[in-house]
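# Survey of secondary and tertiary structure
Given next are the chains, with one letter for each unit.
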Amino acid sequence: MFFDLHVHSAFSSGESSLEDIVKTAKELGYKGIGFISYPLKKEEEEILRAEVNRISNEYNFEIYVGFEANNKLELKHLLNRRRELDLILVRGGTNLMNRVAVENRGVDILTHPDHQRKDCGINHILARLAKENEVAIEINFREILNTEGLIRKTVLANHAEIIRLYKKFKFPLIVSSGALSHWQIKDPKVLISYLVTLGLEMSEAKKALKDYPKMILERSKERKSEKWVMPGVKLV
């Protein structure tokens, strides 16, 4: 029961149709995907959700809609809608956005914490905050797929450092394809093997594609319950 929680389509800066992405993901053995967009206008979001519902029903495949904030203002608007959204992601890379993400229990995933950095973007303090607030840190395979030479060497070192911090602090960790087209969707075995190469045990690597995504999705469903009040608070 594997989930890739960071996939884009032509609807959100990607190249392939959502239908092609779902067909490929299902053939590779995924149970569901997180279809990620940047914040949309109301009319655009309604069109997206209608398409997601149609394809999900047609292919009997789980699709979770998420939105990725690029700045604090976008994140504020998304958090105001926390109850109705499947996933909230924060695009990291800067010290500010990396910290804002892991400080907030309403955030599900910090993506690209090492974007355009020579370090992984996560230190001991942020690792502890991610653990405390149950914010998942992402290893994005597209960063390896689309780089070469010295840049790829830096990305590999950054990912390995995130893994080292994970083994020490045990914050939620996910691995994603970060796919922009159906050709970039990777077999779960490829993503798991990559994490093993970085230093995880096989059982730990599988958690990043199975257990932690499942935890995030179950928490999302809980937030939509009438008993949910705010992150960490619910009626009993």
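In this report, we go over the structure that sits alongside the text. Sequence positions are assigned chain by chain, starting from 1 and proceeding in written order. Side-chain atom pairs in this predicted model are given and counted only at pLDDT of 80 or more, local residue features only at pLDDT of at least 70, and totals for whole chains, interfaces and linings cover all residues. Where side-chain values are given, they derive from all heavy atoms of the structure, hydrogens and water being excluded.

### A short note on unusual backbone geometry
- The phi dihedral of His112 falls on the positive side, at around 45°, and the residue is not glycine.
- Every helix listed is a DSSP run of H or I at least four residues long, and every strand listed is a run of E at least two residues long, numbered separately from the N terminus. Along the chain, His112 falls in the loop between β5 (109–111) and α5 (124–133).
- Classification of His112 as buried rests on a relative accessible area of 3%.
- The phi angle at Lys170 is positive, at roughly 60°, despite the residue not being glycine.
- Tracing the backbone through its elements, the reader meets Lys170 in the loop between α7 (149–169) and β7 (173–176).
- Here the term buried applies to any residue with accessible area under 20% of the maximum for its type, exposed to any over 50%, and partly exposed to those in between, with areas from a 1.4 Å probe on protein chains only. Lys170 sits in the partly exposed class, given a relative accessible area of 34%.

### Quick word on the nonpolar core
- One finds Ile33, Phe171, Leu173 and Leu195 to be the most contacted residues of the largest nonpolar core, which totals 71 residues.
- With six residues, the top contributor of residues to this core is α7.
- Every residue pair with non-hydrogen atoms within 4.5 Å of one another is taken to be in contact. If sequence neighbours within four positions are ignored, Leu173 has contacts with Ile137, Ile139, Ile162, Ile163, Tyr166, Leu200, Lys207, Ala208 and Tyr212. In these notes, a set of buried Ala, Val, Leu, Ile, Met, Phe, Trp, Tyr and Cys residues joined through side-chain atoms within 4.5 Å is what counts as a nonpolar core.

### Observations concerning the packing of aromatic side chains
- Think of it this way: a Phe, Tyr or Trp ring, Trp meaning its six-membered ring, pairs with another when their centres are within 6.5 Å, and the plane angle makes it stacked under 30 degrees, edge-to-face over 60, tilted otherwise. As enumerated under the stated definition, the model contains three aromatic pairs in all.
- Ring plane angle 80° and centroid distance 5.4 Å describe the contact between Phe141 and Tyr194, whose orientation is recorded as edge-to-face. Here Tyr194 lies in helix α8 (residues 188–198) and Phe141 lies in the loop between β6 (136–140) and α6 (142–145), a separation of 53 residues in the sequence. Exposure class is identical for Phe141 and Tyr194. Each is buried.
- Arranged with centres 5.8 Å apart and planes meeting at 70°, the rings of Tyr166 and Phe171 form a pair that is edge-to-face. Like Tyr166, the residue Phe171 is buried in the burial classification.
- Joined through ring pairs, the aromatic side chains of Tyr166, Phe171 and Tyr212 make up one cluster.

### A few points about the pairing of β6
- When you tally the buried positions in β6, you get five out of five residues, the bulk of the element.
- Neither face of β6 is open: one carries Ala136, Glu138 and Asn140, the other Ile137 and Ile139, and all of them are buried.
- By convention, orient the strands away from the viewer: a clockwise path from the first strand over the helix to the second makes the crossover right-handed. Handedness of the crossover joining β5 and β6 through α5: right-handed.
- We call two strands paired when DSSP finds no fewer than two bridges between them. Relative to β7, β6 is paired through four bridges, and the arrangement is parallel. Each residue of the ladder has a partner; that of Ile139, found in β7, is Val175.

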